[in-house]
Amino acid sequence: GAGVSQSPSNKVTEKGKDVELRCDPISGHTALYWYRQSLGQGLEFLIYFQGNSAPDKSGLPSDRFSAERTGGSVSTLTIQRTQQEDSAVYLCASSFDKVYEQYFGPGTRLTVT
Amino acid sequence: DAKTTQPNSMESNEEEPVHLPCNHSTISGTDYIHWYRQLPSQGPEYVIHGLTSNVNNRMASLAIAEDRKSSTLILHRATLRDAAVYYCILRAAPGGKLIFGQGTELSVKP
């Protein structure tokens with residue numbers, strides 16, 4: 001079946017611009033996660049959604065970062081006023097429920113110039 | 001979150017078994033031990049997880065020490081495709097986010 005998909009695969013933006021990254025989870029998965037991977041920081045958790053519960057935003061690095069999940073399916077990660085340190089690969093994952101294994105998408109490579 | 005310690009890198013020969021160690025001396029009773037791996041230019045993929053007993057699946061085996069302070073991921077016959085970064089992660093019982101460490105970079109020689 002279809003796995004987790006993310007778009008765009010690559011995004012180049014100028015410092016100060018806003019960007020939106022999209023994640024389509026596996027159908028039927030109630031939990032959705034965002035992570036990012038940069039050379040200096042490794043893989044770090046950003047935010048996760050579980051069903052209708054309030055999202056766990058504990059990993060968001062600043063208030064420039066936000067995410068929403070509409071209709072319990074597609075999620076959008078928004079970064080406002082991008083900075084060069086936001087350059088990273090942004091990974092989305094989903095799982096059947098929060099206790100189950102996570103399936104990762106291919107990621108969106110964000111470059112802020 | 002309890003931390004794990006893994007060697008930065010390991011080497012293996014193709015078709016030989018590989019034992020990837022992980023130390024987690026501060027593990028709590030409700031922490032599950034998860035292993036994920038990340039192949040080059042891909043997102044991580046789930047390998048295996050366990051709580052107390054040894055576990056086997058089609059990809060690997062997980063051997064957990066009796067005191068649960070360490071575990072070992074066993075690849076029974078390494079292939080070139082198994083070259084990846086392997087992450088040992090402790091996740092509390094309610095589930096949710098994964099906290100990744102630096103992992104072990106496994107290289108496989110033909």
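A brief structural summary. (Residues numbered from 1 in each chain as written. Chains lettered and ligands numbered in written order. Predicted model: local features only at pLDDT ≥ 70, side-chain atom pairs only at ≥ 80, totals over all residues. Heavy atoms only, no water.)

**Some remarks on the interface of chain A and chain B**
Counting residues at the interface gives 16 residues for chain A, matched by 15 residues for chain B. Considering only the side of chain A, the residues that lose the most area to chain B are A:Leu43, A:Gln102 and A:Phe104, jointly responsible for 36% of the buried surface there. At the surface where chain A touches chain B, the tally comes to one salt bridge. Across the pair A:Asp56 and B:Lys97 runs a salt bridge, and its minimum N-O distance is 3.8 Å. Connecting chain A to chain B are eight residue pairs in polar contact (both at pLDDT 80 or more). For the side of chain A that touches chain B, the secondary structure elements donating two or more residues are strand E4 (31-38) and strand E5 (42-50) of chain A. Of the residues contributing to the side of chain A that touches chain B, the split by class is nine nonpolar, four polar and three charged. (Contact = heavy atoms within 4.5 Å. Buried area = accessible area lost by both parts, 1.4 Å probe. Salt bridge = Lys/Arg side-chain N within 4 Å of Asp/Glu carboxyl O. Polar contact = N/O pair within 3.5 Å; in protein donor to acceptor, adjacent residues only side chain to side chain. Helix = DSSP H or I, 4+ residues; strand = E, 2+ residues; numbered from the N terminus. Nonpolar A, V, L, I, M, F, W, Y, C, P; charged D, E, K, R; others polar.)

**Observations concerning the side chain of B:Asp31**
Residue and element names in this part refer to chain B. By the secondary structure assignment, Asp31 is in strand E3 (residues 31-38). Buried within the structure, Asp31 lacks any salt-bridge partner; Arg68 is the closest side chain of opposite charge, at an N-O distance of 5.8 Å. Here Ser28 takes part through its backbone nitrogen, which lies 3.1 Å from a polar atom of the side chain of Asp31. (Buried < 20%, exposed > 50% of the residue type's maximum accessible area, 1.4 Å probe, protein only. Lys, Arg positive; Asp, Glu negative; His and termini not counted.)

**Some thoughts on the state of the cysteines**
All names here are of chain A. Inspection of every chain in the model, using the stated rule, returns two disulfides over all chains. In this model, Cys23 is linked to Cys92 through a disulfide, with the two sulfur atoms separated by 1.8 Å. Linking Cys23 and Cys92, the disulfide has an S-S dihedral of approximately -65° and is accordingly described as left-handed. With Cys23 in strand E3 (residues 19-24) and Cys92 in strand E8 (residues 88-95), this pair connects stretches of sequence that are 69 residues apart. On the basis of relative accessibility, which here comes to 0%, the residue Cys92 falls in the buried class. (Disulfide = S-S within 2.5 Å.)

On their own, these measurements won't tell you what the molecule is for.
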